[in-house]
Amino acid sequence: MKIHEYQGRDLLASFGVPVPAAAVIDNLEAAATTYKQVTSEAGTNLAVVKAQVHAGGRGKAGFVKLVRSPQEAEDAARFMLSNKMVSAQTGPEGLEVTKLLIAAGVDIAHEYYLAITTDRATRRHTLIASAEGGVEIEKVAHENPDAIIKAPLHPLLGLQPYQAREVAFRLGFRGKQISQAVNIMLNLSKLFLAKDCSIAEINPLIVTPPSSSGTGVPPVTPTSTSPHPDGQVLAIDAKFNFDDNALFRHKDIQALFDPTEENPAELRAQKFGLSYIALDGNIGCLVNGAGLAMATMDTIKLHGGEPANFLDVGGSATEEAVTEAFKIILADHAVKGIMVNIFGGIMQCDIIAAGIINAARGYENADGSKGFKVPLVVRLEGTNVDAGRELLKNAASDLPTLQAATDLGDAAEKVVAAVG
Amino acid sequence: MSILVDANTKVICQGITGSFGSQHTKGCHHYGTKMVGGVTPGKGGQKDDNDLPIFDTVRQAVEATGAQATMIFVPPAFAGDAILEAMDAGVRLICCITEGVPVGDMVRVRAVLDERNFAARGADSQHARELFTLIGPNCPGIITPGPKTGEGDSARDPYTSSGCKIGIMPGYINTHISEAKSGKSVGIVSRSGTLTYEAVWQTSQLGMAQSTCVGIGGDPVRGIGHIDCIRLFEDDPETDAILMIGEIGGSDEEEAAAYIKMHVKKPVAAFIAGRTAPPGKRMGHAGAIISGGGGGKPTGTADAKIEALQDAGAEVALSPADMGKAMARALNLG
């Protein structure tokens, strides 16, 4: 589960990571006053207005703007609240913006990258840091792997102070910056473990120019206004992702969920325990198991077709969930044919068959008629397969477009031929 | 012969009274697995539908039955604890079927597992095999097929003598060497559940047997991996060839390819799922994702894995419908 930047900032602050003064607005009227409040607190006239959406590419789309007056703040807010944001990550239809973060501007002497994530290869949570912050870290990792510093977290003890010190020295922090950076790393580790994060990323982590107490920004936390002769280390932007499997024990994180950021069809599928991802093709897929679902998509493509979705009904789907799965697939009007590929293990073929029949009987077309009009190719194998096939045979009149397939290749061939 | 489990393996089920636990205890029992009991805290002293004894703790179950293996069906919030309990009671083979276990829990469990195995190896460095083997979580389990006796509820629910199925896979699709026309036995290791069944089914259809099939699960932090299984298959005298099924995401398959190139003499076939998956989208479970689709070079792609495996001399099926055929080609079966 992802959260917004402003929520991430609050979370960082609550774990003692200093962030610049800022406030969130959801209407144009608040823009000017919020600008004044945030900038006067910080003793600067510079602020940044940032659209609060999960998608990346905000800067290029004009949804992150530096402003120097209440009027500029209002103009930026007006633009962001009245236009849809379109970036490589949003798709051409764009994304509506309802919340803006207005943060005090900060003088930046240097930008760093700091994150914790789970390293599959070592099976450890790992701190990743780089003195080349503010840019895409994957690019740095690819082009200059030596610029990436890693420190594994002990599974039970977390990040240790000596590790954080070592990283701070290697990043080039000096003087009083070192203890500030060390505290930020230790607190980020505590946060990561306490909240079952899958990614906790600060990018950029910055240091203000030395002796910049006049233009520097007092942190929200800890509440200290002491000058920073060596510069102050601050988290400017934060990105978090939480382990969905662990959300059950974090009600506070669950409360941060923003359903408007999710694809409605994917969200609807989740409610029924289905894993659905919309794609660009015209062949709807209903499969059990993520691996088989991917393999089914691959087979369709090898036969010259294009899958319209990835849909894994999982192992514990009910008849009702299978029925819902068909509704979700058919709600995508690009779908010209459906391929069902089930190899029952924990999933029973007869439950799938009953779900198919129910879905067909209950499905209402735009012209009011009932039943599926698109070609339906079904391949069943595995647990209770005989019962499943029998059910489908007996319901043949409800499934006029049904073709049975003997195996995976046969099914793909038939469905690709059927959609033309 | 086989790896990890055989006809003599005594098995318990943790979570035996839950709906999946009871259903699949029955399935394993019917297949011929030596199911000897189960655990549900608070229901000790009762019997399950198959007349198997239920215990309050794994320790009690092990003391009373001599169980060497367990299959875990408890809900995800309790799965980490169940694995630790099994290890503490001395159960050598732990198979966690449960899906949705928090990654943080598995990081801690895996650390304990590694520490215990390391301590055991230190005491006896000749001990090649791990003291404890964890399969999963989020996996279909492990099966060493036995010969079908003709008994059982139906052809789809056969009884086998000397078969051992631990988990949720359908038993009937498997073939014992005595039933295989080609006379060849394949060891199968897979990250994906249902795709494993597909591979088993295809090899069976083409007249091959399976020595053992291991579904290692798709979670980012788990127990046994591709390389562990490949090593065991390479050393198993009755495994003739190895079929490995991977997915996009992570670098396990690339590492396995390097291992195969260095150490494996038996024929290897492979398939990688997710060639058509778009970068940045998580496909169903936590494991399958192509990362770094932005500025950097994408990692964990199917093409990179396929290339590494081909370079290691593996026969790679490009279509999942051809996994069996690729294995047959690698074995030079007409």
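Residues numbered from 1 in each chain as written. Chains lettered and ligands numbered in written order. Predicted model: local features only at pLDDT ≥ 70, side-chain atom pairs only at ≥ 80, totals over all residues. Heavy atoms only, no water.

1. Section: the overall build of chain B
Right, so step 1: The helix and strand inventory of chain B stands at 9 helices and 15 strands.
Right, so step 2: Over its C-alpha trace chain B gives a radius of gyration of 19 Å, about what one expects of a compact globule, namely 20 Å for 334 residues.
Right, so step 3: By principal-axis analysis of the C-alpha atoms, chain B measures approximately 55 × 50 × 40 Å.
Right, so step 4: Looking at chain B as a whole, 60% of its 334 residues qualify as buried.
Right, so step 5: The contacts of chain B with a sequence gap of at least 6 include a subset with a gap of at least 24, amounting to 73%.
Right, so step 6: Split by element, the accessible area of chain B, about 12200 Å² in all, is 50% carbon and sulfur. (Helix = DSSP H or I, 4+ residues; strand = E, 2+ residues; numbered from the N terminus. Rg over C-alpha atoms; globule rule 2.2 N^0.38 Å. Buried < 20%, exposed > 50% of the residue type's maximum accessible area, 1.4 Å probe, protein only. Contact = heavy atoms within 4.5 Å. Areas by Shrake-Rupley, 256 points an atom, 1.4 Å probe, with all protein chains shown as cover.)

2. Section: the sheet that holds strand E1 (residues 10-14) of chain B
Residue and element names in this part refer to chain B.
Right, so step 1: What the 6 strands build is an open sheet, ordered E3-E2-E1-E4-E5-E6; its pairing is parallel. Every other strand in the sheet has two partners, leaving strand E3 (54-55) and strand E6 (133-135) as the edge strands with one partner each.
Right, so step 2: Pairing of E1 with strand E4 (residues 69-72) involves 4 bridges; the strand directions are parallel. Of the residues in E4, the one forming a bridge with Val11 is Ala69.
Right, so step 3: Contacting E1, E4, strand E5 (93-96) and E6, helix H3 (residues 76-88) crosses the sheet at an angle of about 170 degrees to E5. (Pairing = 2+ DSSP bridges. Axes fitted to C-alpha atoms, helices over the stretch in contact; angles between N-to-C directions.)

3. Details of the confidence of the model for chain A
Residue and element names in this part refer to chain A.
Right, so step 1: Per-residue confidence for chain A gives a mean pLDDT of 89; residues scoring 70 or more make up 96%.
Right, so step 2: Residue range residues 212-216 is modelled with pLDDT below 50. Its contacts to residues more than four positions away, or to other chains, number 6 contacts.
Right, so step 3: Considering only residues more than four positions removed or in separate chains, one finds that residues 219-226, a stretch of pLDDT under 50, has 14 contacts. (pLDDT = per-residue confidence, 0-100.)

4. So, helix H7 (residues 252-263) of chain B
All names here are of chain B.
Right, so step 1: For H7, built from 12 residues, the straight-helix expectation of 16 Å at 1.5 Å per residue is met to within 8% by its first-to-last C-alpha distance of 16 Å.
Right, so step 2: For H7, the full list of buried residues reads Asp252, Glu253, Ala256, Ala257, Tyr259 and Ile260. What you see down the axis of H7 is that its buried residues fit within an arc of 165 degrees, all on one side. Exposed side of H7, more than 90 degrees from the buried face: Lys261 and Met262 are the residues found there.
Right, so step 3: Those residues of H7 that are buried are in contact with helix H6 (226-235), strand E13 (241-247), strand E14 (268-273) and helix H8 (302-311). (Expected span 1.5 Å × (residues − 1). Arc of directions from axis to C-beta.)

5. Here's the deal with the pattern of salt bridges
Residues and elements named next belong to chain B.
Right, so step 1: Inspection of every chain in the model, using the stated rule, returns 32 salt bridges over all chains.
Right, so step 2: A salt bridge links Lys305 to Glu253; the shortest N-O distance between them is 2.7 Å. Here Lys305 is found in helix H8, whereas its partner Glu253 is found in helix H7, with 52 residues between them in sequence.
Right, so step 3: Two residues, Glu254 and Lys305, come together in a salt bridge whose shortest N-O distance is 3.0 Å. Of this pair, Glu254 sits in helix H7 while Lys305 sits in helix H8, placing them 51 residues apart in sequence. (Salt bridge = Lys/Arg side-chain N within 4 Å of Asp/Glu carboxyl O.)

6. Describing the interface of chain B and chain A
Right, so step 1: With 59 residues of chain B at the interface, the matching set in chain A holds 50 residues.
Right, so step 2: For the chain B and chain A pair, buried surface summed over both sides reaches about 4300 Å², with 62% attributable to carbon and sulfur atoms.
Right, so step 3: Linking chain B with chain A are 2 salt bridges.
Right, so step 4: Taking the shortest distance from any N to any O, the salt bridge between A:Arg249 and B:Asp105 comes out at 2.6 Å.
Right, so step 5: Of all the secondary structure elements, the ones that give two or more residues to the side of chain B that touches chain A are helix H1 (19-31), helix H4 (103-123), helix H5 (193-205) and E14 of chain B.
Right, so step 6: No other element matches H4(B), which puts 8 residues into the side of chain B that touches chain A.
Right, so step 7: Taken together, the residues that form the side of chain B that touches chain A break down as 28 nonpolar, 18 polar and 13 charged. (Buried area = accessible area lost by both parts, 1.4 Å probe. Nonpolar A, V, L, I, M, F, W, Y, C, P; charged D, E, K, R; others polar.)

7. Notes on the side chain of A:Glu324
Residues and elements named next belong to chain A.
Right, so step 1: Relative to the helices and strands, Glu324 resides in helix H10 (residues 319-331).
Right, so step 2: On the basis of relative accessible area, Glu324 is assigned to the buried category, the value being 10%.
Right, so step 3: For Glu324, the residues in contact, after removing those within four places along its chain, are Arg268 and Phe272.

8. Concerning empty space enclosed by the protein
Residue and element names in this part refer to chain B.
Right, so step 1: Applying the stated rule across the entire model yields 1 cavity of 30 Å³ or more.
Right, so step 2: For the largest cavity, the full set of lining residues is Pro140, Gly141, Ile143, Met169, Ile173, Asn174, Thr196, Tyr197, Val200, Cys213, Val214 and Gly215.
Right, so step 3: Every element with two or more residues in the lining of the largest cavity is listed here: strand E7 (141-144), H5 and strand E12 (209-215).
Right, so step 4: Here the lining of the largest cavity is built from residues that sort into 8 nonpolar, 4 polar and no charged. (1 Å grid on protein atoms, 1.4 Å probe; cavity = no way out; pocket = protein on both sides within 12 Å on 5 of 7 lines; lining within 4 Å. Points joined across faces, edges and corners; volume = space filled by probe spheres on them.)

9. Description of the packing of aromatic side chains
Right, so step 1: Counting across every chain of the model gives 8 aromatic pairs over all chains.
Right, so step 2: Ring geometry for B:Tyr172 and B:Trp201: centres 6.1 Å apart, planes at 75 degrees, overall edge-to-face. With a gap of 29 residues between them, B:Tyr172 in the loop between strand E10 (164-167) and strand E11 (185-190) and B:Trp201 in helix H5 connect regions that are remote in the sequence. Exposure class is identical for B:Tyr172 and B:Trp201. Each is buried.
Right, so step 3: Through a chain of ring-to-ring contacts, three or more aromatic side chains come together here, namely A:Phe343, B:Tyr172, B:Tyr197 and B:Trp201. (Phe/Tyr/Trp six-rings, centres within 6.5 Å; stacked < 30°, edge-to-face > 60°.)

10. Description of the nonpolar core
Right, so step 1: By size, the foremost hydrophobic cluster in this structure holds 137 residues, and its most contacted members are A:Leu286, A:Phe326, A:Val340 and B:Ile166.
Right, so step 2: When residues no more than four places from it in sequence are discounted, the contact partners of A:Val340 are A:Leu286, A:Phe326, A:Ile352, A:Ile356, A:Leu376, A:Val377, A:Val378 and A:Arg379.
Right, so step 3: Of all hydrophobic cores here, the second largest spans 42 residues; its members include A:Leu11, A:Ile149, A:Ala164 and A:Ile253. (Core = buried A, V, L, I, M, F, W, Y, C linked by side-chain atoms within 4.5 Å.)

11. Here we look at helix H3 (residues 70-82) of chain A
Residues and elements named next belong to chain A.
Right, so step 1: Given a rise of 1.5 Å per residue, 13 residues ought to cover 18 Å, and the 18 Å separating the end C-alpha atoms of H3 matches this to within 8%.
Right, so step 2: Taken together, the buried positions of H3 are occupied by Ala73, Ala76, Ala77 and Met80. Looking straight down H3, one finds its buried side chains confined to an arc of 100 degrees; they lie on one side.
Right, so step 3: Here the buried face of H3 lies against strand E1 (22-25), helix H2 (30-42), strand E2 (47-51), strand E3 (64-67) and strand E4 (100-104).

12. A word on the environment of B:Leu195
Right, so step 1: Relative to the assigned elements, B:Leu195 resides in helix H5.
Right, so step 2: Each C-alpha atom of the pair B:Leu195 and B:Pro279 lies 21 Å from the other, and the pair is 84 residues apart in sequence.
Right, so step 3: Those residues within four positions of B:Leu195 in sequence are excluded, and the remaining contacts are A:Gly291, A:Leu292, A:Ala295, B:Ile245, B:Phe271, B:Ala273, B:Pro320 and B:Met323.

13. Here we look at the packing of H10(A) against helix H11 (residues 349-362) of chain A
All names here are of chain A.
Right, so step 1: Put simply, H10 and H11 touch, their axes get as near as 8 Å, and they point 50 degrees apart. On the basis of their axis angle, the class for H10 and H11 is oblique. Considering only the axes of H10 and H11, their crossing is right-handed. Counted together, Glu319, Val322, Thr323 and Phe326 of H10 and Ile351, Ile352, Ala354, Gly355, Ile356, Asn358 and Ala359 of H11 form the full contact between these two elements. (Parallel < 35°, antiparallel > 145°, perpendicular 65-115°, else oblique. Left-handed = near helix turned anticlockwise from the far one by under 90°.)

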